[in-house]
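Residue-level listing of the chains:
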Amino acid sequence: MIKDNLILIGKSESKEVFLLPNQMNRHGLIAGASGTGKTVTLKVIAESLSDLGVPTFLADIKGDINGMIQEGDYSKIEERVSSMNIDDFSVKKYPVHFFDVYQENGHPVRATVESMGPLLISRMLDLSEAQQGVLNIVFKVAKDMNLALYDLKDLQAMVSYVGEKSSELTIKYGNVTKQSVGAILRQLLVLEQEGGDIFFGQPSLNIDDWFYTIGQQGVMNILDCRKLVNKPTLYSTFMLWLLNVLYESLPEVGDLSKPKMVFFFDEAHLLFNNCPRNLMEKIIQTVKLIRSKGVGIFFISQSPTDIPNEVLAQLSNRIQHALRAYTPSEIKAVKLAAESFRENPLFNTADVITNMKTGTALVSVLDDEGAPSMVEQVKIVPPRSYMGAVDTYLQKKTIENDVLFGKYEKSIDNLSAFEEIEDIIEKEAFYKEEQIKQKEQQKLEAAKAKQEAKEAERREKNNKTLFDRVARKTINRIENEASKQIMKTASSFLKSFLKK
């Protein structure tokens, strides 16, 4: 709840503990075993941000965050409010935009294939390094050919096309093996069966729709993840894409008096399980840099050890609920969690972590100068909205009365790679057929020319033979005539001579 424009998160025996709005973009961690109160803490922070006019994004894993749209039941929290000496507490409801990848409990939220990119899709498909390299080539070829990749059938068509043209493309783009192409197509088929054909497409999410305020309250954007979380890699990759869209879309703003948005990433450990190094580096970079865009991120998980150290080091506001410690690994996790806090001389942090009741937590926040406060054991203030899931009818009515209703409900199939590749293949087939016809025609013309040349040669040869025969006859005749004339002249001369 809000007190003096600060977020009252809880009370210890001696003091109130506040989250400072101007330090919320330094990110945070909400950790604790199942059933220790993490969801209550998340609701309290999100409600307070809404009251400050700050929109939020929340992943609803269990379907119990949708209670934000209904006033809380004061009779169930009256005792807690009284025990914490909170005088100005009142229940209220909050404005919510519901989203759902599977289009069942919220506005459809879609991504285009090209906006998600080869790195995240490789993670989604669990591709090997070699297969990821081929997928990179597929995206590059599509870009060079000015082919839009919107939905799953676009990507499937593009992968098939690159596979068919592999021998031609290898010289320019690198090796494209039939095995990798086949593996990618198989994984795309699995993704399609898991709902990929639903959440890849258009209209894709416009991130501006997350920044609504109604009255003075920031709208909560709640993504129903009850079905999505059953596909852990799909869930974590899609959440990371949403976070990346925020990062890529927003301008640099530096430090603000309050954040532009706070993003709550529940079941955060799923993001880092078996995460390849190149993707991990992208996550670390996003967490480091997105705060300059005015965005805060809260990771929610069972233990701080679920979060890699490079990311954990960026989470400055920490709320630790109880942890169980029965095994050596759990005892070690408790010790590491305790060591992450600035020590309070009044208690042993490790002992407190294992003995806290539900609804209490160890809290360390940043002060005005950005330094972490001494850890305090506090009782978390109750949320003002309804705890638990609300009636499905009420949620449906909220969705239908939402200003966004109708914007995303109907999918759009614009001209893209799938249709254009069909046209390209037809043109290539026609061109190939024309080339074959042209080659056949050239062969026929060459054969005809060769035959004509032979005929000309034969005629020339025949003509030459005829000429030779005529010439020989003429020469013979001339020679005979000359001989006769010579003989006649000689005879006449001899006769004349003899007469003398």
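Structure: above.
Reading guide: rules and limits
Residues numbered from 1 in each chain as written. Predicted model: local features only at pLDDT ≥ 70, side-chain atom pairs only at ≥ 80, totals over all residues. Heavy atoms only, no water. Helix = DSSP H or I, 4+ residues; strand = E, 2+ residues; numbered from the N terminus. Contact = heavy atoms within 4.5 Å. Buried < 20%, exposed > 50% of the residue type's maximum accessible area, 1.4 Å probe, protein only. Polar contact = N/O pair within 3.5 Å; in protein donor to acceptor, adjacent residues only side chain to side chain. Pairing = 2+ DSSP bridges. Expected span 1.5 Å × (residues − 1). Bend = angle between axes of the 7 residues up to and from the residue. Core = buried A, V, L, I, M, F, W, Y, C linked by side-chain atoms within 4.5 Å. Disulfide = S-S within 2.5 Å. Phe/Tyr/Trp six-rings, centres within 6.5 Å; stacked < 30°, edge-to-face > 60°. Lys NZ or Arg CZ within 6 Å of the ring centre and 35° of its normal.

What follows concerns the side chain of Ser48. As for its placement among the helices and strands, Ser48 is situated in helix α1 (residues 38-51). Those residues in contact with Ser48, other than ones at most four positions away along the chain, are Met1, Ile2 and Ile7.

Topologically, Asn25 is positioned in the loop between β3 (16-19) and β4 (28-31). According to the relative accessible area criterion, Asn25 is buried, its value standing at 4%. In terms of polar contacts, Asn25 uses its side chain to reach the backbone carbonyl oxygen of Arg291, at 3.0 Å. Setting aside anything within four residues of it in sequence, one finds Asn25 in contact with Gly254, Asp255, Arg291, Gly294, Val295 and Gly296.

Turning next to the pairing of strand β5 (residues 56-60). Taking burial as the measure, the five residues of β5 include five buried ones, the bulk of the element. Here β5 shows no split at all, with Thr56, Leu58 and Asp60 on one side and Phe57 and Ala59 on the other all buried. One ladder, built from three bridges, connects β5 with strand β11 (residues 261-265); its direction is parallel. Residue pairing in the sheet places Thr56 in a bridge with Val262 of β11.

The next point concerns helix α7 (residues 178-199). For α7, with 22 residues, the first-to-last C-alpha span of 28 Å runs short of the 32 Å given by 1.5 Å per residue. Gln193 marks the point of greatest bend in α7, at about 80°. Restricting attention to buried positions, one finds in α7 the residues Ser180, Val181, Ala183, Ile184, Leu188, Leu191, Gly195, Gly196 and Phe199. Where α7 is buried, its residues meet α3 (113-125), α4 (129-144), α5 (152-164) and α8 (232-249). Where α7 terminates, the next one or two residues include Gly201, which has phi positive at roughly 155°.

Residues Gly28 and Ile30 line one face of β4 and the alternating positions Leu29 and Ala31 line the opposite face, and both faces are buried. Two elements, β4 and strand β12 (residues 295-301), share four bridges in a ladder whose sense is parallel. From the neighbouring strand, Leu29 faces β12, where its bridge partner is Phe299.

By the secondary structure assignment, Lys410 is in the loop between α14 (392-400) and α15 (417-499). For the pair Lys410 and Gln202, spaced 208 residues apart in sequence, the C-alpha to C-alpha distance is 8.8 Å. Apart from the residues within four sequence positions on either side, Lys410 is in contact with Arg110 and Pro203.

Further remarks concern the nonpolar core. Membership of the largest hydrophobic core comes to 86 residues, with the highest contact counts inside it found for Met158, Trp210, Tyr235, Phe238, Leu242, Leu246 and Phe299. Element by element, the count of residues in this core is highest for α8, at 11 residues. Leaving out residues up to four positions away in the same chain, Trp210 has contacts with Pro55, Phe57, Phe99, Leu205, Asn221, Leu242, Leu246, Met261 and Phe263. With 43 residues, the next largest nonpolar core counts Ile30, Leu58, Val81 and Met84 among its residues.

Our next topic: unusual backbone geometry. The step from Gln202 to Pro203 runs through a cis peptide bond, and the omega angle for that step is 0°. Looking at the secondary structure, you find Pro203 in the loop between α7 and β8 (213-214). One non-glycine residue, Asn146, adopts positive backbone phi at about 55°. Relative to the assigned elements, Asn146 resides in the loop between α4 and α5. We note that Asn274 has phi near 55°; this positive angle belongs to a residue other than glycine. Tracing the backbone through its elements, the reader meets Asn274 in the loop between α9 (269-272) and α10 (277-289).

Under the counting rule described, the total for this entry stands at zero disulfides. Among the cysteines around Cys225, which has no disulfide bond, Cys275 carries the closest sulfur, lying 18 Å off. For Cys225, a relative accessible area of 0% translates into the label buried.

On to the packing of aromatic side chains. The tally for this structure, following the rule as stated, stands at 12 aromatic pairs. When the centroid spacing of 6.3 Å and the interplanar angle of 35° are considered together, the rings of Tyr74 and Phe89 count as tilted. Within this pair, whereas Tyr74 is found in helix α2 (residues 74-83), its partner Phe89 is found in the loop between α2 and β6 (96-100), the two being separated by 15 residues in sequence. Taking relative accessible area as the criterion, Phe89 reaches 9% and is therefore assigned buried. Ring plane angle 40° and centroid distance 5.4 Å describe the contact between Phe238 and Trp241, whose orientation is recorded as tilted. A residue pair is termed a helical-turn pair when its members lie 3 or 4 positions apart in one helix, as Phe238 and Trp241 do in helix α8 at three residues. For Phe238, a relative accessible area of 1% puts it in the buried group. Judged by its relative accessible area of 3%, Trp241 falls in the buried class. Members of the aromatic cluster, connected to one another through ring pairs, are Phe57, Trp210, Tyr235, Phe263, Phe265, Phe272 and Phe299. The side chain of Lys293 reaches across the aromatic face of Tyr247, ending 4.3 Å from its centre.

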